[in-house]
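An overview of the molecular structure
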Amino acid sequence: MIWLLLKRIGQSIAVIVGVMILTFVLVHLEPGNTARAVLGFKATPARVAIFNNTYGLNRPLPVQFWLYCIHVLHGNLGVSYSALQPVSTLIAQRLPRDVVLIGLSTFLSLIIGLPMGLYQALHHGTLKDDVVAGTWFTLYSAPDFMEALILIAIFCVHFHIFQPSFPGGITTVGGLFEDPRAMVLPVVVLAINNVASYSQYMRSSAIEELAQDYIRTARAKGMRERMILTRHLLRNALLPIITILGLSLPDLVAGAVIAEAIFSFPGMGLLFWQSALSHDYPVLLGATLIIGIATIAGNLIADIAYGILDPRIRHAVA
Amino acid sequence: MRPFYRLTAGLAAVCLTTLVAACAAGHTTNVGSGSVVKGQKEKGGTVTLAEVGASPNFIFPLVPSTNSNGYNEDLTLGSWPYLVYSGDGSKSAPNPAENLYSSLTYTDNDSVVTIVLKPWMWSDGVPITSRDFTFVYNLLKWNYNDWFSYTTGLFPVNVKKVLTPNSHTIVLDLNRSWNPTFFTDDVLAAVPLLPQHAWDKTSLTGKVSNYDETKAGAKAVWNFLQKQGGDMGTFATNPLWKVVDGPWKISQFLSSGYYSWVPNKNYSGPDKPILNKVIWTPFTTDTAEMDTLRSGSSQIDVGYVPLNDVRQLPALESEGYSVAQVPSAGVAEILPNFYTPVAGLLLRQLYIRQAMEYLINRQQLVKTVFAGYADPGNGPVPTIYGQEWDSPLEKAGGLYQYNPTKAKQILAAHGWKVVPNGTDTCVRPGTGPTDCGTGITANEPLKFQLLFASGTTSFDQQNAAFQTTEALGGVHITLKSEPFNTLVSTTGTCNAKSHPAAICNDWQLEQYGYNEYGMDPSGSNMFNTDANGNYGGYSSPEMDKLINETEYGPSSSVFFQYEDYADQQLPLLWLPNPSNIIVYKSNLAGVTPLNPFSGTLNPEVWYYTKSSS
């Protein structure tokens, strides 16, 4: 297990370096002049020169990359061209909010999706299964923004029940709950797609497990159905969900661009999108690096969890 | 684009007068442009304004050249107003009541300006003096290249010497004669006064001295203030920013862009704030802001309505909002690139630009695309505000009102085979008066690509309509959209010097919004040869001469000559310029009429009304 862990950590470092190189090159391949994009039409050549000098953009690209790496190793992700704040500060402000938003929506998806999937598996091939699957697939197929706008139209504009946007003065995670009515719709919109996904994974996994010998044996031994489900079926059927949860870790960090834009949620997704539009390279690079690290960490955690939960994996590696 | 514009301050006297009358006579107040507000004036209260898209990130009023965030002016203007207050009601003129000077006199062939300051005070009780002006001048004199508002050749480099004969008089010895209106309206209107007695230092704990009087000292002070000005965590707490001369002080600032103002109790100006507090709350997108307005939430008292959502106005009115329009101070256009290969040769022909302008149905655009909320774009000067600058020609609709027949006649008369809804081709190449013109070859098609900023539905609609109506004259337009920042970053100023740089080869026609004007809507820095803002490379000795006269000459009458010449010459294809639409709570008085010039509304003249029941 330790060897597996060390191997994976080594691979992860290599991948992170690759991500840094790739994103640095891609970001600098973006057409246009960064100084002009930031300074606007008023940018005189003198002003462009000052900008380039201030941010080191007049240096050769390999030198810029080398300096970037040195700074990253010292924990310095640079300064945003447009917000004039350290990138690490911008990320530190937004990241916890996304963890809360995406975390809540994931939790909601799980508590709805898993029982739903189990229910479908137990009623496999019946009308009940088809109705539930059809409903969630319909919601899954609908784009986020459409669901968000419909929910806003119904619950905010028409009935005035929820808030369509977050209060402007949020600086802390606790501030997100200053007006809890603002939190409801973003969480629901993000959960809708995940419910479909989790329930279908759970359904497939449970159907597969229900056909296994150990379930038949348990039933033959006269074990109560409830015990079979909770003690045997659920534990085994949840294994694929662990992988999916691990892979969804980057979402916690990357945020959700569309939902954040519609609900005026100051998270990572919006930061990334706005930075891409305004050629704010330091933020793009910083955010990509953090998302890359989260992706790798998610995979690693999923692998480790899988190994812990499934002895076959552990023994195979050993 | 900033959603809010500063209210006319001259309105204040009108408001207060009418208010007194209203209180005495039945609780009905005529406010500003005549909107009727029922009820009694209520002292105090909080107003929350929506700020969409971005938020301020710098508080020192002399913003560095690398910071192009227009929202900073929203933050600072209420605390440190300019020497010349732009906008008198909806008039394009300085506001006598709000100006920081009591008189401004031009002598010696308009090469010497004498400014007498009003006997006003800083918020800490110290008088505002001529030393505060020299402080600003000294800082800029040694640092103007790092000042975002610096325009080549203007303040401070056009000042040879500054004298201060007494504590309230400033004499500027200029480097030449300047047109007084231009100098007042477009030069001095960008210069604030700053508290030398509090800011002339190089560290927070250091003592105030006359550091600004030497180059090294001025640079040290500049660097210190720049550093403090960017420290967002201390905007509301730094003692520097507590010394103000405007009606408001910043009381809270969060890194999210949320901030608030409270009244400066020692404000010397005529409009002492009536409200207790003003809050600016950021929204990431206008969609989010519109949804909040529609939700009946109390989060927004004054908000911005995107033109795409004008159909929502009746619903907002039913939610208790009133509607006002704020003209955009500037000129909207399609920018021709005179230096792009092939298409540049076509666009250099005045008759082609004339035909294209005849094919723009501006009235229809105003009506259908902008729902009536736009300047018609008759020429280089707007007509829905500042009518004193409009020549009779512009007031009458300009030279090139929509006329496809005339457009086709012009093209046919210059050797083009006109194919409506197809593509015209040159059949008479040559340089004669009835030929296509220099460099245009036989069978050359009359076609252009219009590059425009994406993300604004009204622009999409406008440009689609442009494409359709140009086709009526056989001018084939293809449309290409890019995000605004990409568009800015991939196009450059194209003129004889920059040509044939690649950055000038990739665009032919461009549309991105509008060019801003100061109070004097001069073509300076826009249409003169080699001006930095002359992005398409238009060049005409006559235009240069007329612009120089509006900038340096003694007469104001030359302005109309310039205006009519620019209208006729079409350095840009004129387009309607959409206004900003705001909604405000119906029990909030004093909001209208709105001043198109300054960066913010001026809530110092706003007040809530009590129900008269």
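In this text the structure is predicted, and so the values were computed from the model without any measurement.

A tally of regular secondary structure across chain B gives 17 helices and 28 strands. Its C-alpha radius of gyration of 25 Å places chain B within 12% of the 25 Å reference for a compact globule of 613 residues. Overall size of chain B, expressed as C-alpha extent along the three principal axes, is 75 × 60 × 40 Å. Relative to its full complement of 613 residues, chain B shows a buried share of 56%.

Let's shift gears to the overall build of chain A. If you tally the helices and strands in chain A, you get 16 helices and zero strands. Its C-alpha atoms give chain A principal-axis dimensions of about 85 × 60 × 35 Å. A buried classification covers 37% of the 318 residues belonging to chain A. Long-range contacts, defined as pairs at least 24 residues apart, comprise 70% of the intrachain contacts of chain A with a sequence gap of at least 6.

Turning our eyes to something else, we now look at the packing of helix 11 (residues 239–247) of chain A against helix 15 (residues 281–309) of chain A. All names here are of chain A. Taken N-terminus to C-terminus, the directions of helix 11 and helix 15 make an angle of 160°; their axes are 7 Å apart at the nearest point. Comparing the axis directions of helix 11 and helix 15 gives the class roughly antiparallel. Between helix 11 and helix 15 the crossing geometry is right-handed. Along the contact surface, helix 11 presents Leu239, Ile242, Thr243, Gly246 and Leu247, while helix 15 presents Gly298, Asn299, Ile301, Ala302, Ala305, Tyr306 and Leu309. For the contact of helix 11 with helix 15, the residue count by class is eight nonpolar, four polar and no charged.

Bringing the nonpolar core into the picture now. Among soluble globular proteins, nonpolar side chains are generally buried collectively. Ranked by size, the top nonpolar core spans 231 residues in total, and within it Ala287 of chain A together with Ile582 and Trp606 of chain B carry the most contacts. Tallying contributions element by element places helix 8 (residues 181–210) of chain A first for this core, with 13 residues.

What follows is about the confidence of the model for chain A. For chain A, the average pLDDT comes to 86, and 97% of its residues sit at 70 or higher. When mean pLDDT is compared element by element in chain A, helix 4 (residues 61–73) of chain A scores highest at 92, while helix 16 (residues 311–317) of chain A scores lowest at 64.

Here we come to the pairing of strand 11 (residues 248–253) of chain B. All names here are of chain B. Note that strand 11 and strand 12 (residues 259–263) share five bridges and pair antiparallel. Its bridge partner being in strand 12, Lys249 is matched across the sheet by Val262. The hairpin formed by strand 11 and strand 12 contains five residues between the paired strands, and Gly257 there has a positive phi angle of roughly 100°.

On to helix 16 (residues 541–552) of chain B, then. Helix length check: helix 16 of chain B (twelve residues) gives 16 Å between terminal C-alpha atoms against 16 Å at 1.5 Å per residue, within 8%. The inward-facing, buried residues of helix 16 of chain B abut helix 4 (180–187) and helix 17 (558–569) of chain B.

A few words on the confidence of the model for chain B. Any residue range with low pLDDT should be treated as having predicted coordinates unsuitable for detailed reading. Summary statistics for chain B give a mean pLDDT of 88 and a share of 92% for residues scoring 70 or more. With a pTM of 0.82, the predicted complex shows an ipTM of 0.75.

Attention now goes to the interface of chain B and chain A. Residue-level contacts link 36 residues of chain B with 42 residues of chain A. For the side of chain B that touches chain A, the secondary structure elements donating two or more residues are strand 13 (277–283), helix 7 (286–294) and helix 15 (484–490) of chain B. Taken together, the residues of the side of chain B that touches chain A break down into ten nonpolar, 23 polar and three charged.

Let's shift gears to the sheet that holds strand 10 (residues 169–174) of chain B. Residue and element names in this part refer to chain B. Strand order in the open sheet made by the four strands is 7-8-10-9, with antiparallel pairing throughout. Taken across any chain shown, the strands that pair with only one partner, and hence form the sheet edges, are strand 7 (101–107) and strand 9 (159–166). Going from strand to strand, the sheet's axes swing by 15° on average, the running direction of each strand aside. Looking at chain direction, strand 9 and strand 10 are connected through five bridges and run antiparallel. By the bridge assignment, Lys161 is partnered in strand 10 with Asp173. The sheet contacts of helix 3 (residues 130–143) involve strand 8 (112–117), strand 9 and strand 10, and relative to strand 9 the element is tilted by about 160°.

Residue and element names in this part refer to chain B. Read from one edge of the open sheet, three strands run 3-28-27, paired in antiparallel fashion. Each edge of the sheet is formed by a strand with only one pairing partner; in this case those strands are strand 3 (40–42) and strand 27 (588–589). Bridge count between strand 27 and strand 28 (residues 607–610): two bridges; the pairing is antiparallel. In the strand pairing of strand 28, Leu588 is matched with Tyr608.

This next bit is on unusual backbone geometry. Residues and elements named next belong to chain B. In the segment running from Phe155 into Pro156, the intervening peptide bond is cis, with an omega of 10°. Here Asp108, not a glycine, exhibits a phi torsion of approximately 50°, which is positive. When you line up the elements, Asp108 lands in the loop between strand 7 and strand 8. Of note in this structure, Asn421 is not a glycine but carries a positive phi near 65°. With respect to the secondary-structure elements, Asn421 resides in the loop between strand 18 (416–417) and strand 19 (425–426). Looking at Asn421, the number of C-beta atoms within 10 Å reads 10, which means it is exposed.

Once that is clear, we can look at the environment of Gly174 of chain A. Looking at the element boundaries, Gly174 of chain A is found in the loop between helix 7 (144–158) and helix 8. Residue class for Gly174 of chain A comes out exposed when judged on the 10 C-beta atoms lying within 10 Å of it.

Further remarks concern the pairing of strand 16 (residues 330–336) of chain B. Residue and element names in this part refer to chain B. Extensive coverage of strand 16 is indicated by the burial of six of its seven residues. Across three bridges, the pairing between strand 16 and strand 23 (residues 514–516) is antiparallel. Counterpart to Ala332 in the pairing with strand 23 is Tyr514.

The next subject is the packing of helix 8 of chain A against helix 10 (residues 225–237) of chain A. Residue and element names in this part refer to chain A. Running from N to C, helix 8 and helix 10 cross one another at 130°; their axes reach a closest spacing of 9 Å. One way to sum up the angle between helix 8 and helix 10 is to call them oblique. The two elements helix 8 and helix 10 meet at a crossing, and its hand is right-handed. On helix 10, the residues touching Met202, Ser205, Ala206, Glu209 and Leu210 of helix 8 are Leu233, Asn236 and Ala237. In the contact of helix 8 with helix 10, the residues fall into five nonpolar, two polar and one charged.

Parameters at a glance
- Residues numbered from 1 in each chain as written.
- Chains lettered and ligands numbered in written order.
- Predicted model: local features only at pLDDT ≥ 70, side-chain atom pairs only at ≥ 80, totals over all residues.
- Helix = DSSP H or I, 4+ residues; strand = E, 2+ residues; numbered from the N terminus.
- Rg over C-alpha atoms; globule rule 2.2 N^0.38 Å.
- Buried ≥ 20, exposed ≤ 12 C-beta atoms within 10 Å, placed from the backbone.
- Contact = placed C-beta atoms within 7 Å.
- Axes fitted to C-alpha atoms, helices over the stretch in contact; angles between N-to-C directions.
- Parallel < 35°, antiparallel > 145°, perpendicular 65-115°, else oblique.
- Left-handed = near helix turned anticlockwise from the far one by under 90°.
- Nonpolar A, V, L, I, M, F, W, Y, C, P; charged D, E, K, R; others polar.
- Core = buried A, V, L, I, M, F, W, Y, C linked by C-beta atoms within 7 Å.
- pLDDT = per-residue confidence, 0-100.
- Pairing = 2+ DSSP bridges.
- Expected span 1.5 Å × (residues − 1).

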